[in-house]
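Tertiary structure, described
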Amino acid sequence: MAVRAASQVPGWITPMLAKPDGGRLRAGPEWAYEYKLDGYRACMQIASDGTTMLTSRNGIDFTHEFADLAGILAPALDGRAAVLDGEIVVYNEAGQIDFGFLQERRGRYQTHRSSPRRDEPFDDVPVRFLAFDLLQLGTKSLLRQPYEERRGLLAGLGMPDPYRISVVRQFTFTELAADRRTPQDLLDHVAVTGHEGLVAKLLRAPYAPGKRPDYWCKHALIQTTEVIICGWRPGQNRLSGSLGGLLLGGHDADTGDLVYIGDVGTGFSEAERARLLAQLEELEQRKHPFATTPPREDTVRAHWVKPELVGEVVYRQFTRGAGRLRHTAWRGLRDDRAPGEVLAPRARERVATETTPEPTRRTTAARKRSSTASAATAPDAPPTLGKKIPVQAGKRRLTLSNLDKPLYPDGFTKGEVINYYSRIADVLLPHLAGRPVTFIRFPDGVGGQQFFEKNVPNGAPDWLPTVRLPSTGSRSGRGDGEIEYALLDELAALVWAANLAALELHVPQWRVDADGHRLPPDLLVFDLDPGPGTAIVHCARVAERLRDVLCDDGLTPFAKTSGSKGMQLYAAIDTNDPAAPSAYAKKLAQRLARETPDSVTAVMAKNQRTNRVFIDWSQNNPSKTTVAPYSLRGREHPTVSTPLMWDEVEACRHTAQLVFTADDVLARINDHGDLLDTLHEKRVALP
């Protein structure tokens, strides 16, 4: 049924998003579980006369492209309007949801839309709308109703044509328990049947359009495979002149032919991109090395190389039809593997899906190993938790321990800390480059003993770069008036630090050069610390005022949360005077304090801070450090010092709006990239 009058159709509702669960599948009687789907998220809006619209997650009209789905549900609604949330999917011949097939269908649709036959119906492989939420029924909005109630109403709708529209299967924790099964058993079954993972949903939760709240948590299945590097693409935009991505291959297990299996463009540090590019340029050849020429659209701008280097990637799916890795991230070179040993993955064969999932049981250790998936390659045999585990982190071989040890009161483990720092490394490492790091370690977890550590601890690996600098304090810890700082410049260094329970990473506003000499400050920082009676909301208002003053002076300020209670502003500067940034920052802080003495103070004394935001200008002193962007904090939850958009600062009216955990930040990177990426491109002379 075609769309007739848009005014009859209920309005589009921005979809609520699921946040990553950090490898911890939520459990308890308050949770239910649905399959994580791999298709196009879509809102189905149905008018009382059956007129139907389909709108994508980003507000794009899908109705014409998926015209077969329009009007199907109208008979079940008995003249009522409705809005459903769900996913449009395509199945392959094995009965698996196959995103690759859906993408191929979209390509054919784009060709059809621009052809002379564009007014004719687009007749292609069938699609299916899998509904998982009901947001409106009749004239009543259901957004504030509990998920359990919305699901009940959705399940009560008859599906006139289940081949085209059906309801996603739900498993409640209680139902699983009654069958003597656990959520992990369900997840094991999901892995065997080829689904992407699970989404845990809180039964009592409302629907929050456009938000990514704690009550929808996605648990994606991550797999690893060895790959042969067969080519590379140059980087673009900020990566211009560097490595953009790798083209991957593996040997067909049946024929032995080298086949193209996809690409990878994420998971690299800047240093690793440079090292790989240098190696690949020496191996460059004119023609591709595959038995069959890869698709042209995949090889635009490709440079081919001799297939001599082996690496490893994480991935979520290997498509059955095209034979491609999907959702890949780079983990590092595998110098211990020969190209002839690398076989292309096989797509999972679909097994019979019964009414109740059959568990494929694994040990507890095997379940939790995934928390270090981004960090390293573990041995084939699942280790016992608490034991020492050898892993591969980039080119380095490390030994990790006590991965199951909770370091936060909410149960966030050391393994999850290592996983976070591994996955965030690509955007974190540039902010640590050349800056001596001060650690705050929590060997007994948050709430236990904690201590600052400037000197590199005994037993540090010999490959870790360090720099010896004069101590500015009363004790150096070395007995010679110097401190030997660590420099974290690669993934393995982050993993090493995380294994020491170094949750917090603090750095100065200056760098050292290749000879270990301290350079002049290149950053100006304002640390906004809310006193008693104030919160980050008040910091946001002060930050807006500081932004305007800094812009008037020709600087470009960037904002981030402290990961605790406050906020920081940065601006990239040029100066030859190490004392100048403090003097300039103090002048601005005192100016704002004079203008609004009831809400701002530039005085460090605690008795001056009540109901005021303290602008700590002293963070610019060369002896001071500030928590690094993307560093975890040692608080009740694994919160992170998170770069912000100014729109977010301006919109902040509640503290919770600017609190971000490790899971939140990983999702933000997927959505926005590094919001501080252009910080140093905006460098100007300090006024």
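Our structure is the block above this text.
Residues numbered from 1 in each chain as written. Predicted model: local features only at pLDDT ≥ 70, side-chain atom pairs only at ≥ 80, totals over all residues. Heavy atoms only, no water.

Here's the deal with the overall build of the protein chain
Basically, it comes down to this: Runs of H or I in DSSP of at least four residues are treated as helices and runs of E of at least two as strands, each being numbered from the N terminus. Throughout, radius of gyration means the C-alpha value; the globule benchmark is 2.2 Å times the number of residues raised to the power 0.38. The buried label applies to any residue whose accessible area, calculated with a 1.4 Å probe on protein chains only, is under 20% of its type's maximum; exposed applies above 50%, and partly exposed to all values in between. It only takes one pair of heavy atoms within 4.5 Å for two residues to be counted as in contact. All accessible-area figures derive from a Shrake-Rupley calculation using a 1.4 Å probe, and residue coverage is judged against the displayed protein chains alone. Note on charges: Lys and Arg go in the positive column, Asp and Glu in the negative column, and His and the chain ends are not counted at all. Charge coordinates come from a single atom per side chain, which is NZ of Lys, CZ of Arg, CG of Asp or CD of Glu.
Within the protein chain one finds 13 helices and 34 strands. In terms of overall size, the protein chain behaves like a compact globule, its C-alpha atoms giving a radius of gyration of 27 Å where 687 residues would be expected to give roughly 26 Å. Of all 687 residues assigned to the protein chain, the portion counted as buried reaches 55%. For the protein chain, restricting intrachain contacts to residue pairs at least 6 apart in sequence, the fraction spanning at least 24 positions comes to 69%. Carbon together with sulfur atoms contributes 48% to the accessible area of the protein chain, which is approximately 30,100 Å² in total. Measuring between centres, the 87 positive side-chain charges of the protein chain sit 3 Å from its 86 negative side-chain charges.

Some words on the sheet that holds strand β26 (residues 502–507)
Put simply, the rule is: For two strands to pair, DSSP has to find at least two bridges joining them.
A sheet is described by the order of its strands in space; here four strands give the open sequence β23-β22-β26-β32, paired in antiparallel fashion. Looking at which strands have only one partner, the edges of the open sheet turn out to be β23 (451–453) and β32 (626–627). Relative to β26, strand β22 (residues 438–441) is paired through four bridges, and the arrangement is antiparallel. Counterpart to Ile440 in the pairing with β26 is Glu504.

With respect to the sheet that holds strand β1 (residues 19–20)
Just so we agree on the cut-off: Lines fitted to C-alpha atoms define the axes, with helix axes restricted to the stretch in contact, and inter-axis angles between N-to-C directions lie between 0 and 180 degrees.
Across the sheet, which stays open at both edges, the five strands sit in the order β1-β11-β10-β2-β9 with mixed pairing between neighbours. Of all the strands in the sheet, the pair left with one neighbour each is β1 and β9 (170–172). Bridge count for strand β2 (residues 31–35) against strand β10 (residues 197–202) is five bridges, and the pairing is antiparallel. What sits directly across from Ala32, in β10, is Lys201. Most of the contacts of helix α3 (residues 147–155) go to β2, to which it runs at about 45 degrees, and overall it touches β2, β9, β10 and β11 (216–220).

Quick notes on the pairing of strand β27 (residues 523–530)
Taking burial as the measure, the eight residues of β27 include seven buried ones, the bulk of the element. The pairing of β27 with strand β31 (residues 613–616) spans four bridges and is antiparallel. Looking at β31, one finds that Asp527 is bridged to Asp616.

Side note on the packing of helix α8 (residues 414–432) against helix α13 (residues 662–672)
Each pair of packed helices gets described by two things: the angle between the helix axes and the distance between those axes. To keep it simple, the criterion reads: A crossing counts as left-handed when the near helix is turned anticlockwise from the far one by less than a right angle, and as right-handed when that turn is clockwise. Polar here means any residue other than Ala, Val, Leu, Ile, Met, Phe, Trp, Tyr, Cys and Pro, which are nonpolar, and Asp, Glu, Lys and Arg, which are charged; Gly is therefore polar.
Close contact between α8 and α13 brings their axes to 11 Å; oriented N to C, the two are set at 35 degrees. For α8 against α13, the interelement crossing comes out left-handed. Residue-level inspection shows Tyr420, Arg423, Ile424 and Val427 of α8 in contact with α13, the latter providing Ala662, Val665, Leu666 and Ile669. Among the residues forming the contact of α8 with α13, the class breakdown is seven nonpolar, no polar and one charged.

Examining helix α11 (residues 580–595)
Quick reminder of the rule: Any helix carries an expected span of 1.5 Å times its number of residues minus one.
Relative to the 22 Å expected for 16 residues at 1.5 Å per residue, α11 spans 23 Å between its end C-alpha atoms, a close match to the ideal helical length. Those residues of α11 lying buried are Ala580, Pro581, Ser582, Tyr584, Ala585, Leu588, Ala589, Leu592 and Ala593.

What to know about the pairing of β10
Taken across its six residues, β10 has six buried, putting it largely inside the fold. Neither face of β10 is open: one carries Gly197, Val199 and Lys201, the other Leu198, Ala200 and Leu202, and all of them are buried. Across five bridges, the pairing between β10 and β11 is antiparallel. Its bridge partner lying in β11, Val199 is registered against Lys218.

Overview of unusual backbone geometry
Not every positive phi belongs to a glycine, and Asp78 is a case in point at roughly 50 degrees. Counting through the fold element by element, Asp78 comes out in the loop between α1 (74–77) and β5 (82–89). For Asp78, a relative accessible area of 65% puts it in the exposed group. For Asn611, which is not glycine, the phi dihedral falls at a positive 65 degrees. Relative to the helices and strands, Asn611 is located in the loop between β30 (600–601) and β31.

A closer look at the nonpolar core
Using the following cut-off: Nonpolar cores were defined as sets of buried Ala, Val, Leu, Ile, Met, Phe, Trp, Tyr and Cys residues, with membership established by side-chain atoms within 4.5 Å.
If you look at the biggest cluster of nonpolar residues, it comprises 86 residues, and the most contacted ones within it are Tyr420, Tyr421, Ile424, Leu488, Phe526, Leu528 and Leu569. A per-element tally of this core places α8 first, with 10 residues. Setting aside anything within four residues of it in sequence, one finds Tyr421 in contact with Leu428, Leu494, Ala498, Ala502, Leu503, Leu505, Tyr630, Ser631 and Leu632. Within the second largest apolar cluster, 33 residues are counted, among which are Ala18, Val89, Val168 and Val190.

Thoughts on the side chain of Thr639
How we decide: Nitrogen and oxygen atoms within 3.5 Å of one another constitute a polar contact, given that in protein one can donate a hydrogen and the other can accept it, and given that sequence-neighbouring residues count only through two side-chain atoms.
Along the chain, Thr639 turns up in the loop between β32 and β33 (643–644). Within the structure, the side chain of Thr639 is placed 2.7 Å from the backbone oxygen of Gly563, a separation counted as a polar contact. Excluding residues within four positions of it along the chain, Thr639 makes contact with Gly563, Ser631, Leu632, Arg633, Val659, Phe660 and Thr661.

Some points on the environment of Leu198
One can find Leu198 in strand β10. As a C-alpha pair, Leu198 and Lys36 span 162 residues in sequence and 4.7 Å in three-dimensional space. Setting aside residues up to four positions removed in sequence, Leu198 forms contacts with Leu25, Tyr33, Glu34, Tyr35, Lys36, Pro183, Leu186, Leu187, Val190, Cys217, Lys218 and His219.

Considerations on the pattern of salt bridges
Definition in use: By definition here, a salt bridge exists when the distance from a side-chain nitrogen of Lys or Arg to a carboxyl oxygen of Asp or Glu is within 4 Å.
Following the criterion strictly, the structure yields 29 salt bridges and no others. Between Asp124 and Arg108 there is a salt bridge whose closest N-O contact spans 2.8 Å. Within this pair, whereas Asp124 is found in the loop between α2 (99–113) and β6 (128–137), its partner Arg108 is found in helix α2, the two being separated by 16 residues in sequence. In this structure, Asp263 engages Arg233 in a salt bridge whose closest nitrogen and oxygen atoms are separated by 3.1 Å. On the criterion of sequence distance, the pair formed by Asp263 in strand β14 (residues 258–264) and Arg233 in strand β12 (residues 223–234) is long-range, its members being 30 residues apart. Owing to a relative accessible area of 14%, Arg233 belongs among the buried residues under this scheme. One continuous salt-bridge network, built from bridges that share partners, spans Arg435, Arg511, Asp522, Asp574 and Arg683.

So, the side chain of Asp21
With respect to the element layout, Asp21 can be found in the loop between β1 and β2. Summary of buried charges: Asp21 has no salt-bridge partner, and the nearest side chain of opposite charge, Arg26, is 4.8 Å away. Engagement of the side chain of Asp21 in a polar contact is seen with the side chain of His219, the distance being 2.8 Å. If we ignore the near neighbours within four places in the chain, the residues touching Asp21 are Arg26, Cys217, Lys218, His219 and Asp663.

Some words on the packing of aromatic side chains
Convention followed: Planes of paired rings set the category: under 30 degrees apart is stacked, over 60 is edge-to-face and the rest tilted, where pairs are Phe, Tyr or Trp rings (Trp by its six-membered ring) whose centres lie within 6.5 Å. Working rule: Lys NZ or Arg CZ, within 6 Å of ring centre, within 35 degrees of ring normal, means a charge sits over the ring.
For the structure on display, the rule yields 13 aromatic pairs. An angle of 20 degrees between the planes, with centres 5.4 Å apart, marks the rings of Phe268 and Trp330 as stacked. Residue Phe268 is located in the loop between β14 and α6 (270–282), and its partner Trp330 is located in strand β19 (residues 329–333); the two are separated by 62 residues in the primary sequence. Using a relative accessible area of 4% as the deciding quantity, one classes Trp330 as buried. Connected via pairs of aromatic rings, a cluster forms that spans Tyr40, Phe62 and Phe66. Residue placement shows Arg668 over the ring face of Phe660; its charged tip is 4.3 Å from the ring centre.

What to know about helix α10 (residues 536–552)
Taking 1.5 Å of rise per residue, the 17 residues of α10 would be expected to cover 24 Å, and the 24 Å separating its terminal C-alpha atoms lies within 8% of that figure. If you check which residues of α10 are buried, you get Ile536, Val537, Cys539, Ala540, Val542, Ala543, Glu544, Leu546, Arg547, Val549 and Leu550.

By themselves these figures say nothing about function.
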